[in-house]
Amino acid sequence: MLGELRPWVREVSPDGAAMGRPARRFAFRGDAGYVLGADVGAHKVLVMLADLRGEVVASRRVEVDAGMSASRRLGVLERAALECAGGVGRSRVLAVGVGTAGIVDPSGRVSLSSVLPGWTGVDLAGLAGRWFGCQGLAANDANLAALAEHWRGSAQHVDDMVYVLVGRRIRAGLLLGGVLRAGRGGAAGEVGALPQLGWEAAARELDPKVFLAAAEGDGRALRVVEGIAANLAVGTAALVLGVDPQLVVFGGGYAGAGEVLLGPLREHLGALCLSPLEVALSTFGDESVALGGVRLALDHVERHVLDL
């Protein structure tokens, strides 16, 4: 058995206070391998390299254009991932987890993306795995953000949550019973597809300057934020009433608005939902998707590589 464990453990010096012949002691080697997590969005590509304890040891962020072609976006992702892993070597990367805007099917292929040009049909998991000769995995960005919050963020204390990713487009991820629930084809939580909910309209009105002005008490900006919160609350309440979670987390680039947005959101959700609901902001902001990719890759390693 020790021979099987040897790549993953190291022997440590015994405690000097022990009497007699000390027992051999071993510790898990976090640096025995690495995983990559990535976020591929309209305006950025973010890659994180983490050891097997989940500690991020390197990262690369590249700003990109929303109209960039799929082939160029993939090229940016590949270069950023290889650069991020350059210090350890690609052969030591055991799994890659990628999150992206759009619907991602269980195989890791993008089945629909209205945000990234030419992205529909891209085998994101397969490509990422081939770059490193390991298992590639891919999922919807909101789902991976939910995974990150449950792992180390605002949702550590619950197993049932809704994560609403607020950015250029508004989408949601579901984590129930401590497990991501992406649905039959990966589209669970995509209530923003219903035009009646007004999420697309709310996304068009999002502007950091509006939130800053609202924080300073500007009356017009406060009315705009109130309208955004009302739109967000209707779609969020539909999810809450469907799955009855313990917590709703709001994240993404615009979650930095803080209580300016969260305050009216709490009020609207309180009026729409049947019971009191905990509402929180993301711990990780726009890094949550890449960190969720790290967790997705670690889950694969723990189940399939370290399963002795």
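Coordinates for the structure precede this section.
Bear in mind that the values here come from a model prediction, so they are computed numbers and not experimental data.

What counts and how
Residues numbered from 1 in each chain as written. Predicted model: local features only at pLDDT ≥ 70, side-chain atom pairs only at ≥ 80, totals over all residues. Heavy atoms only, no water. Helix = DSSP H or I, 4+ residues; strand = E, 2+ residues; numbered from the N terminus. Buried < 20%, exposed > 50% of the residue type's maximum accessible area, 1.4 Å probe, protein only. Contact = heavy atoms within 4.5 Å. Pairing = 2+ DSSP bridges. Axes fitted to C-alpha atoms, helices over the stretch in contact; angles between N-to-C directions. Phe/Tyr/Trp six-rings, centres within 6.5 Å; stacked < 30°, edge-to-face > 60°. Lys NZ or Arg CZ within 6 Å of the ring centre and 35° of its normal. Parallel < 35°, antiparallel > 145°, perpendicular 65-115°, else oblique. Left-handed = near helix turned anticlockwise from the far one by under 90°.

### Side note on the overall build of the protein chain
If you tally the helices and strands in the protein chain, you get 9 helices and 14 strands. Burial analysis of the protein chain (308 residues in total) assigns 51% to the buried set. When contacts within the protein chain are restricted to residue pairs at least 6 apart in sequence, those whose partners lie at least 24 apart make up 64%.

### Some points on the sheet that holds strand 4 (residues 44-51)
Taken together, 5 strands build an open sheet; the order of strands is 5-4-3-6-9 and the sheet is mixed. A single partner strand is all that each edge strand has here, and the edge strands are strand 5 (56-63) and strand 9 (135-140). Between one strand axis and the next, the sheet turns by 15° as a mean value, whatever way the strands run. The sheet contact formed by strand 6 (residues 93-100) and strand 9 spans 6 bridges and is parallel. From the neighbouring strand, V98 faces strand 9, where its bridge partner is A138. Against the sheet, helix 4 (residues 141-152) makes contact with strand 6 and strand 9, and its axis sits at roughly 100° relative to strand 9, the strand it touches most. Across the sheet, helix 9 (residues 288-305) lies against strand 3 (34-40), strand 4, strand 5, strand 6 and strand 9, angled at about 145° from strand 3, the strand it touches most.

### Observations regarding unusual backbone geometry
In this model, D244 sits at a positive phi of 55°, which is unusual for a non-glycine residue. With respect to the secondary-structure elements, D244 resides in the loop between helix 7 (219-243) and strand 13 (247-251). Residue D244 is classed as exposed on the basis of its relative accessible area of 58%.

### So, the side chain of D39
Tracing the backbone through its elements, the reader meets D39 in strand 3. The contacts of D39, once residues within four sequence positions are left out, are K44, V45, L46, G99, D286, V289 and A290.

### With respect to the packing of aromatic side chains
Under the criterion given, the structure shown has 0 aromatic pairs. Across the ring face of W151, the terminal group of R295 is positioned such that the distance to the ring centre comes to 5.0 Å.

### Comments concerning the sheet that holds strand 12 (residues 179-180)
In spatial order, the strands read 12-11-10-13-14; together these 5 strands make up an open sheet with mixed pairing. Unpaired on one side and paired on the other, strand 12 and strand 14 (278-281) mark the two borders of the sheet. Judged from the 4 bridges that link them, strand 13 and strand 14 form a sheet pairing that is parallel. Bridge assignment links L247 to a residue of strand 14, and that residue is E278.

### Thoughts on the packing of helix 7 against helix 8 (residues 259-272)
Two packed helices can be described by the angle between their axes and the distance between those axes. It is at 8 Å that the axes of helix 7 and helix 8 come closest, and there the two elements cross at 45°. Viewed along their axes, helix 7 and helix 8 adopt a mutual orientation that is oblique. Seen along the crossing, helix 7 lies across helix 8 with a hand that is right-handed. Packed against helix 7, whose contacting residues are V225, E226, I228, A229, A230, L232, A233, V234, T236, A237 and L241, the element helix 8 presents V260, L261, P264, L265, H268, L269 and L272 at the interface.

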